[in-house]
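# Residue-level structural notes
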Amino acid sequence: DNFMKENLNNKELFIKKLIYRSKYTGTKETDILLSNFVDNYIYDLTFEQLKTYEIILQSGDPRIWRLAIDKEISNDQKELYLLNMIKKSGNIND
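Attention here is on the structure that accompanies the text.

Let's shift gears to the pattern of salt bridges. A complete count under the given rule lists eight salt bridges for this structure. Among the salt bridges present, the one from Lys 23 reaches Asp 39, with a minimum N-O distance of 3.0 Å. Of this pair, Lys 23 sits in helix H1 (residues 2-23) while Asp 39 is found in helix H2 (residues 28-41), placing the two residues 16 residues apart along the sequence. Between Lys 78 and Glu 48 there is a salt bridge whose closest N-O contact spans 3.4 Å. With a gap of 30 residues between them, Lys 78 in helix H5 (residues 77-89) and Glu 48 in helix H3 (residues 47-58) connect regions that are remote in the sequence. Among the residues examined, Glu 48 registers a relative accessible area of 40% and is labelled partly exposed. Because the salt bridges share partners, they merge into one network encompassing Arg 63, Arg 66, Glu 72 and Glu 79.

Rendered as structure tokens:
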């Protein structure tokens, strides 16, 4: 029971860090895009998807924006799944 509670607390803390990092990335466009994504989807993601999202965040603003506007295509299926959600939340390619 304590183990489950600790894991939920860790996930909640991890989510809070990801939300913060999503809203203050460095460029206004990416901030808006990722803010919409976390507002819509972050609590629905599995821990594995959260870790993949962290990797996307760590790859930096220029890459995130290139991926969002299809100037760069990821070959990682986990990233592609999340990037489609990110694009959908930002109304990119609609």
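Having put the structure on the table, let's press on.
Moving on, we get to the packing of aromatic side chains. Per the counting criterion, the structure on display carries four aromatic pairs. Of the aromatic side chains, those joined through ring pairs into one cluster are Phe 37, Tyr 41 and Tyr 53.

Rules of the game
- What you see as residue numbers is a count from 1 along each chain, following the sequence as written.
- For a predicted model such as this one, the threshold for reporting local features is a pLDDT of at least 70, and the threshold for listing and counting side-chain atom pairs is 80 or more; totals across whole chains, interfaces and linings nevertheless cover every residue.
- Think of the side-chain values as coming from all heavy atoms in the structure, minus any hydrogens and water.
- A carboxyl oxygen of Asp or Glu within 4 Å of a side-chain nitrogen of Lys or Arg is what we treat as a salt bridge.
- Helix and strand assignments come from DSSP, with helices taken as H or I runs of at least 4 residues and strands as E runs of at least 2, each series counted from the N terminus.
- Whether a residue is buried, partly exposed or exposed follows from its accessible area with a 1.4 Å probe, protein chains only, as a fraction of its type maximum: under 20%, in between, or over 50%, in that order.
- Aromatic pairing here means that ring centres of Phe, Tyr or Trp (its six-membered ring) are within 6.5 Å. Orientation follows from the plane angle: under 30 degrees is stacked, over 60 is edge-to-face, and everything else is tilted.

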